[in-house]
Amino acid sequence: MNRLAPAVLAVALGVLVHWVRADAGVVALPPGPYAVGFQSYDRRDITRTFFADVTASGEPETRGAGRPIQTSVWYPAVAGSGSKMVFRDYVALSARQYGPVAHDRAARFAERYLRRIAADVGLTEAQIRSIAATPVRGRRMAQALSGRYPLVVYDAGGHGSSWGNYALCEYLASNGFTVVAIPNTWDWDATRSDGETIQSAEAAARDVEFTLAFARQLPYVDPVAPVLMGYSWGGQGTMRLVRL
């Protein structure tokens, strides 16, 4: 694994979205001066394996080769460009974390996910529908502003999604950063050996390295001195990458 430039700053932060309106369940971080664009990419690291050749039921695996790394990107955008999004659109991304799926399947996944959360926290049908339809700041496929903007690569915590910290990502983009976030395929537990735990952290580090190389090629990114940010197990991966 190649060393990163000394200018790279790795930050293992536990910053999550606690600026929440209790009545509506939506995040209330004040936006910066920029409109926010959003795109999600279904990417794979073909130098590594992820799926077995056959499924648990013995059927041939059809989800493709390589390790899937869904990549969500928020960036400063031209105001009014792109299409509006609501919270449900972010949730639906989890349906395709391991590869593309049909739109109707993603919509059904989002519906089930939101109903399960509603049951867990005691929300009514009306409340969960209101939250699902809450507008977010990201606008899908918005035109990027001209220029290059500082880069933040964010690795979610164990089993975290690429969109799970969307409020922070939108907030940073609205203040002039490009934020590239990936999910975390966390395969650690307390029964694993130290060697297996190190292997899992190494996999997370390689996910970040793979994503950093991609992000630096985006036309609106300043590739110099990126910030690596991770939460929990994502922090383990980012810190391990910088040490190597």
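This text follows the structure it describes.
Let us look at the structure shown here.

Time to look at the overall build of the protein. Looking only at helices and strands, the protein features six helices and nine strands. Each of the 244 residues in the protein was classed as buried or not, and the buried ones make up 43%. For the protein, long-range pairs separated by at least 24 residues make up 81% of all intrachain contacts whose partners lie at least 6 apart in sequence. Split by element, the accessible area of the protein, about 12500 Å² in all, is 56% carbon and sulfur.

A separate point is the packing of helix α2 (residues 103–121) against helix α3 (residues 125–132). It is at 10 Å that the axes of α2 and α3 come closest, and there the two elements cross at 130°. It follows that α2 is oblique to α3 by the angle criterion. By crossing handedness, the relation of α2 to α3 is classed as right-handed. Residues E111, L114, R115 and A118 of α2 touch α3, and the partners they reach there are E125, I128, R129 and A132. When the residues that make up the contact of α2 with α3 are grouped by side-chain class, the tally is four nonpolar, no polar and four charged.

The next subject is empty space enclosed by the protein. Over the atoms rolls a probe the size of a water molecule, and its path tells where empty space is left. Scanning all chains against the criterion turns up two cavities of 30 Å³ or more. If you add up the space inside the largest cavity, you get close to 70 Å³. Lining the largest cavity, in full, are R88, E111, L114, R115, E125, I128, R129 and A132. Those elements that place two or more of their residues in the lining of the largest cavity are α2 and α3. Classifying every residue of the lining of the largest cavity by side-chain character gives three nonpolar, no polar and five charged. In this model, the second largest cavity occupies a volume close to 40 Å³.

This structure, assessed with the given rule, holds ten aromatic pairs. Plain terms: the ring middles of F38 and W74 are 5.0 Å apart, the flat faces sit at 50° to each other, and that makes the pair tilted. Placement of the pair is F38 in strand β4 (residues 35–45) and W74 in strand β5 (residues 67–77), with a sequence separation of 36 residues. For the pair shown, F38 and W74 are each scored as buried. Taken together, a centroid distance of 5.0 Å and an interplanar angle of 40° make the contact between Y90 and Y166 tilted. Taken together, the positions of Y90 in helix α1 (residues 87–92) and Y166 in helix α4 (residues 166–174) put the pair 76 residues apart, joining distant regions of the chain. Take Y90 and Y166: they sit in the same class, and that class is buried. Put simply, the rings of F38, W74, F87, Y90, Y113, W163 and Y166 pair up and form one aromatic cluster.

Turning our attention to the side chain of D207. Considering the arrangement of structural elements, one finds D207 in helix α5 (residues 194–215). Side-chain polar atoms of D207 contact the side chain of R67, separated by 2.8 Å. Apart from the residues within four sequence positions on either side, D207 is in contact with R48, R67, I69 and I182.

What counts and how
Residues numbered from 1 in each chain as written. Predicted model: local features only at pLDDT ≥ 70, side-chain atom pairs only at ≥ 80, totals over all residues. Heavy atoms only, no water. Helix = DSSP H or I, 4+ residues; strand = E, 2+ residues; numbered from the N terminus. Buried < 20%, exposed > 50% of the residue type's maximum accessible area, 1.4 Å probe, protein only. Contact = heavy atoms within 4.5 Å. Areas by Shrake-Rupley, 256 points an atom, 1.4 Å probe, with all protein chains shown as cover. Axes fitted to C-alpha atoms, helices over the stretch in contact; angles between N-to-C directions. Parallel < 35°, antiparallel > 145°, perpendicular 65-115°, else oblique. Left-handed = near helix turned anticlockwise from the far one by under 90°. Nonpolar A, V, L, I, M, F, W, Y, C, P; charged D, E, K, R; others polar. 1 Å grid on protein atoms, 1.4 Å probe; cavity = no way out; pocket = protein on both sides within 12 Å on 5 of 7 lines; lining within 4 Å. Points joined across faces, edges and corners; volume = space filled by probe spheres on them. Phe/Tyr/Trp six-rings, centres within 6.5 Å; stacked < 30°, edge-to-face > 60°. Polar contact = N/O pair within 3.5 Å; in protein donor to acceptor, adjacent residues only side chain to side chain.

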